[in-house]
Amino acid sequence: QVHVVESGGGLVQAGGSLRLSCAASGIIRSVGTMAWYRQVPGEQQRELVARVLSGGTSDYADSVKGRFTISRDNAKNTVYLQMNSLKPEDTAVYYCNTIITTTWGVVSTYWGQGTQVTVSS
């Protein structure tokens, strides 16, 4: 079994910062791309915010470039999202997404439970 658990959301004023964490655990052989998505209530689509490959290469949505930083700790199977200069339009539920190969050799995509980020104006 694999578990993906997020933490770090909350309420912050515009211009503030938050740091999200997402840790994967269980029968893991390796972790591939790790990413953060977000979904605004009432919208069906989840937007890719940032992703980081196993080798460390990362990319970002245009809307967060220069404000958000994604990083990972491969020893802990954990990905982070440092969010600075937050804007009200960043308000959403943020989801962690990871590609994991289990010890059985099965490759699957796993989602976290989501963490609410609310930015007040």
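In the block above lies the structure referred to throughout.
Since the model is a prediction, treat every value here as computed from it, not as a measurement. The residue numbering used here restarts from 1 in each chain and proceeds along that chain's sequence as written. Thresholds applied to this predicted model are a pLDDT of at least 70 for local features of residues and 80 or more for the giving and counting of side-chain atom pairs; totals over whole chains, interfaces and linings are not thresholded and use all residues. The side-chain quantities take in all heavy atoms of the structure and omit both hydrogens and water.

> Account for the pairing of strand S8 (residues 78-83), naming residues and giving values.
Here is the key point about a regular strand: its side chains alternate between the two faces of the sheet. By the criterion of burial, S8 is predominantly enclosed, with 5 of the 6 residues buried. Across 6 bridges, the pairing between strand S3 (residues 18-26) and S8 is antiparallel. Bridge pairing in S8 links Ser21 to Tyr80. Only strands that DSSP links by at least two bridges are regarded as paired with each other. The secondary structure listing takes helices from DSSP runs of H or I that are at least 4 residues long and strands from runs of E that are at least 2 residues long, numbered from the N terminus. Where strand S7 (residues 68-73) and S8 come together, 6 bridges link them in antiparallel fashion. The residue bridging Arg72 from the neighbouring strand is Val79, located in S8. The turn linking S7 back onto S8 is made up of 4 residues, and Asn77 within it adopts a positive phi angle of 50 degrees. Burial classes: relative accessible area under 20% of the type maximum marks a residue as buried, over 50% as exposed, and values in between as partly exposed (1.4 Å probe, protein chains only).

> Quick one: what's the story with the pattern of salt bridges, residue by residue and with numbers?
Any carboxyl oxygen of Asp or Glu that lies within 4 Å of a side-chain nitrogen of Lys or Arg is treated as forming a salt bridge with it. Applying the stated rule across the entire model yields 5 salt bridges. For Arg38, the salt bridge identified is with Asp90, shortest N-O distance 3.0 Å. Residue Arg38 is found in strand S4 (residues 28-39), and its partner Asp90 is found in the loop between S8 and strand S9 (92-102); the two are separated by 52 residues along the sequence. Each member of the pair, Arg38 as well as Asp90, is classed as buried.

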